[in-house]
Amino acid sequence: FVAVVLLTGGTTSADSITLAREGKATATIVIPAKPPQRHVQAAKDLQEYVKKICGVELPIRRDGKRVPGTGLYIGQCEPSVDADLPDASKNPESYAIRVRDGSVFFAARYPTPVYYAVASFIEDTLGVRWFAPGDVWEYVPPGRAGELTAIQRDKVKTPDVSPRFWSGHGWNEDWNRWTLRNKAVG
């Protein structure tokens, strides 16, 4: 199997999260029943990159309800708690990735930073890199077919500057997607 490790400073322990085993999904992506478009996009990106790494497509549930086993909860869902959110006094683009009860919670106070949390997980934990717009400029680490386990710690990210944007580069959908994945706006 493939284990992708995120090493960060701090004293929190890391949790092993199995996303796929023996060719089957062991995690479910969950978004609220009426999700903002950024949540839908984050869920699709997470699903896409897990499939690219190990060949397994994780299901996406659009009801926000607790799922048995490993849940990858994007935004405020039924099992979310207020402590999942970054402190309200922080930059509004702050986001958190919390690990609790064998599940991962991608949380922020606004939809775009929730997307940033998922993009951070895809990049920092799963090892995907987006060097420039377009598929030819991305790196997806080779994984073992049907197997994917990730090691994740609780993480809160507060940008030093807000908003961050790429001036004049919103030329097409590839540029817009690349800019968002790099935690900026077009």
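Residues numbered from 1 in each chain as written. Predicted model: local features only at pLDDT ≥ 70, side-chain atom pairs only at ≥ 80, totals over all residues. Heavy atoms only, no water.

Observations regarding the pattern of salt bridges
Phase 1 of the analysis: What the rule picks out here adds up to 10 salt bridges.
Phase 2 of the analysis: A salt bridge links Arg 100 to Asp 84; the shortest N-O distance between them is 2.5 Å. With Arg 100 in strand β7 (residues 95–100) and Asp 84 in the loop between β6 (70–74) and β7, this pair connects stretches of sequence that are 16 residues apart.
Phase 3 of the analysis: Look at Arg 100 and you get partly exposed, because its relative accessible area is 23%.
Phase 4 of the analysis: Two residues, Asp 174 and Arg 177, come together in a salt bridge whose shortest N-O distance is 2.5 Å. Here Arg 177 and Asp 174 lie together in helix α3 (residues 173–181), a separation of three residues that amounts to about one turn. (Salt bridge = Lys/Arg side-chain N within 4 Å of Asp/Glu carboxyl O. Helix = DSSP H or I, 4+ residues; strand = E, 2+ residues; numbered from the N terminus. Buried < 20%, exposed > 50% of the residue type's maximum accessible area, 1.4 Å probe, protein only.)

Details of the sheet that holds β6
Phase 1 of the analysis: If you walk across this open sheet you meet the six strands as β5-β4-β6-β8-β7-β12, and the pairing is mixed. Edge strands, defined here as strands with exactly one partner in the open sheet, are β5 (60–61) and β12 (155–157).
Phase 2 of the analysis: Sheet contacts for helix α1 (residues 37–54): β4 (27–30), β5, β6 and β8 (103–108); angle to β6, the most-contacted strand, approximately 140°.
Phase 3 of the analysis: Relative to the sheet, helix α2 (residues 111–125) contacts β6, β7, β8 and β12, its axis offset from that of β7 by approximately 60°. (Pairing = 2+ DSSP bridges. Contact = heavy atoms within 4.5 Å. Axes fitted to C-alpha atoms, helices over the stretch in contact; angles between N-to-C directions.)

A few points about α2
Phase 1 of the analysis: Taking 1.5 Å per residue, 15 residues should reach 21 Å; α2 reaches 21 Å between its end C-alpha atoms and fits that length.
Phase 2 of the analysis: Among all positions in α2, only Pro 113, Val 114, Tyr 115, Tyr 116, Ala 117, Val 118, Ala 119, Ser 120, Phe 121, Ile 122, Glu 123 and Thr 125 are buried. (Expected span 1.5 Å × (residues − 1).)

Things to note about the nonpolar core
Phase 1 of the analysis: Leu 46, Leu 72, Ile 74, Phe 106 and Leu 126 are the most contacted members of the largest nonpolar core, which has 40 residues in total.
Phase 2 of the analysis: Those residues in contact with Ile 74 that sit more than four places away from it in its chain are Ile 29, Val 30, Ile 31, Pro 32, His 39, Ala 42, Ala 43, Phe 106, Val 114 and Val 118.
Phase 3 of the analysis: If you look at the next biggest cluster of nonpolar residues, it comprises five residues, including Val 67, Tyr 73, Cys 77 and Phe 105. (Core = buried A, V, L, I, M, F, W, Y, C linked by side-chain atoms within 4.5 Å.)

Considerations on the confidence of the model for the chain
Phase 1 of the analysis: When pLDDT is averaged along the chain, the result is 88, and 87% of the positions lie at 70 or above.
Phase 2 of the analysis: Segment residues 1–11: pLDDT under 50, and 25 contacts once partners within four positions in sequence are set aside and those in other chains are kept. (pLDDT = per-residue confidence, 0-100.)

What to know about a nonpolar patch on the surface
Phase 1 of the analysis: Where nonpolar side chains cluster on the molecular surface, the patch consists of Phe 131, Val 136, Trp 137 and Tyr 139 and spans about 500 Å² of accessible area.
Phase 2 of the analysis: Mapping Tyr 139 onto the fold places it in strand β10 (residues 138–139). (Patch = residues over 30% accessible without salt bridge, like charges linked within 9 Å, V, L, I, M, F, W, Y side chains within 5 Å. Areas by Shrake-Rupley, 256 points an atom, 1.4 Å probe, with all protein chains shown as cover.)

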